[in-house]
Amino acid sequence: MTDWMLKVEKLDKQFYLHAQQRLIPSTCAVDLELRPSQLLAITGPSGAGKSSLLKCIWRSYLPSGGRIWLRQADGQLLDLALATEQQMLTLRRTEIGFVTQFLHCLPRKSALDVVAQPLLDDGVAARLARDRAAELLTRLNMPAHLWNVAPATFSGGEQQRVNLARGLIRPARLLLLDEPTASLDPLSRDCAIALLRERKAAGTAMLAILHDPALVSALADGTVRVQAHSSPADAAQTGSANTQERQAA
Ligand SMILES: Nc1ncnc2c1ncn2[C@@H]1O[C@H](COP(=O)(O)OP(=O)(O)OP(=O)(O)O)[C@@H](O)[C@H]1O
Ligand SMILES: [Mg+2]
């Protein structure tokens, strides 16, 4: 069996609200192991800390405890919980991709340029970056008459396709997906599933927050259930409740 690429051990995240002197529990004691070409579905109730888990791996959130081991392309292990900002900036360009829950974009930028931006940031020629963006938008069933319009006024499903294309445009060994198809109609959803399956087959490892059981069985090789906790005291005691299971065939 192939070695894991990502190993999360007892990951905790809490937020301290200074103004109210209150501790808000979020992700609690999550353990998981992810191999290349594997997709693990993250499930669990609203507020259980699923998005926070992905943000801790992406390191827009600093974990409160635990370890996030990444086996990098050169074979070296790095604990993302302790990585420097500079190391994270490099990894986000070279190894880790994130499709966030919602699209954040500038009001006057066209959908094509929003999608092409990560490649433009890497110094790829504008023509090539836009060609690649157009290719991805086509694959995701995005009508061509919208490519040159700014996505601020797009419908939820249109924005989600732009967001997916932007998150997938850079090659990544590890992809983090936060409810990537929640707003898509069945046809666009099937296009997204086909694209994600291709990336999986090419070796990309993925952690995806998925609510729809049909989507879990279409894409996932296993499930990590993130448990809800009702109070900060619970957060400290949930222990090993967050389990990883293999997907039934
Ligand atoms: N930046 C933040 N500051 C304070 N509390 C936060 C912050 N981000 C998340 N939380 C809290 O952490 C808890 C978990 O939030 P998170 O967004 O990770 O949940 P989730 O499992 O993704 O929920 P959903 O299924 O609704 O998307 C929530 O109680 C939320 O209010
Ligand atoms: Mg969430």
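Cut-offs and rules
- Residues numbered from 1 in each chain as written.
- Chains lettered and ligands numbered in written order.
- Predicted model: local features only at pLDDT ≥ 70, side-chain atom pairs only at ≥ 80, totals over all residues.
- Heavy atoms only, no water.
- Buried < 20%, exposed > 50% of the residue type's maximum accessible area, 1.4 Å probe, protein only.
- Helix = DSSP H or I, 4+ residues; strand = E, 2+ residues; numbered from the N terminus.
- Pairing = 2+ DSSP bridges.

**Q** A description of the pairing of strand β5 (residues 39-43) should follow, citing residues and the corresponding values.
**A** Along β5, five of the five residues are buried, which leaves the element largely enclosed by surrounding structure. Taking every second residue as pointing to the same face, both faces of β5 are buried, with Leu 39, Ala 41 and Thr 43 on one and Leu 40 and Ile 42 on the other. Summarising the sheet, β5 and strand β10 (residues 205-209) pair through four bridges and their orientation is parallel. The partner of Leu 39 across the bridge, within β10, is Met 206. Bridge count between β5 and strand β11 (residues 222-225): four bridges; the pairing is parallel. Pairing of Ala 41 across the sheet is with Thr 223, part of β11.

**Q** Break down the pairing of strand β2 (residues 14-17) for me, citing the residues and quoting the values.
**A** For β2 and strand β3 (residues 22-25), the ladder comprises four bridges, and the chain directions are antiparallel. Each bridged residue has a counterpart across the sheet, and for Tyr 16 the counterpart in β3 is Leu 23. Taking the residues that link successive antiparallel strands as the turn, the β2-β3 hairpin has four residues, and the phi of Gln 21 there is positive, at about 50 degrees.

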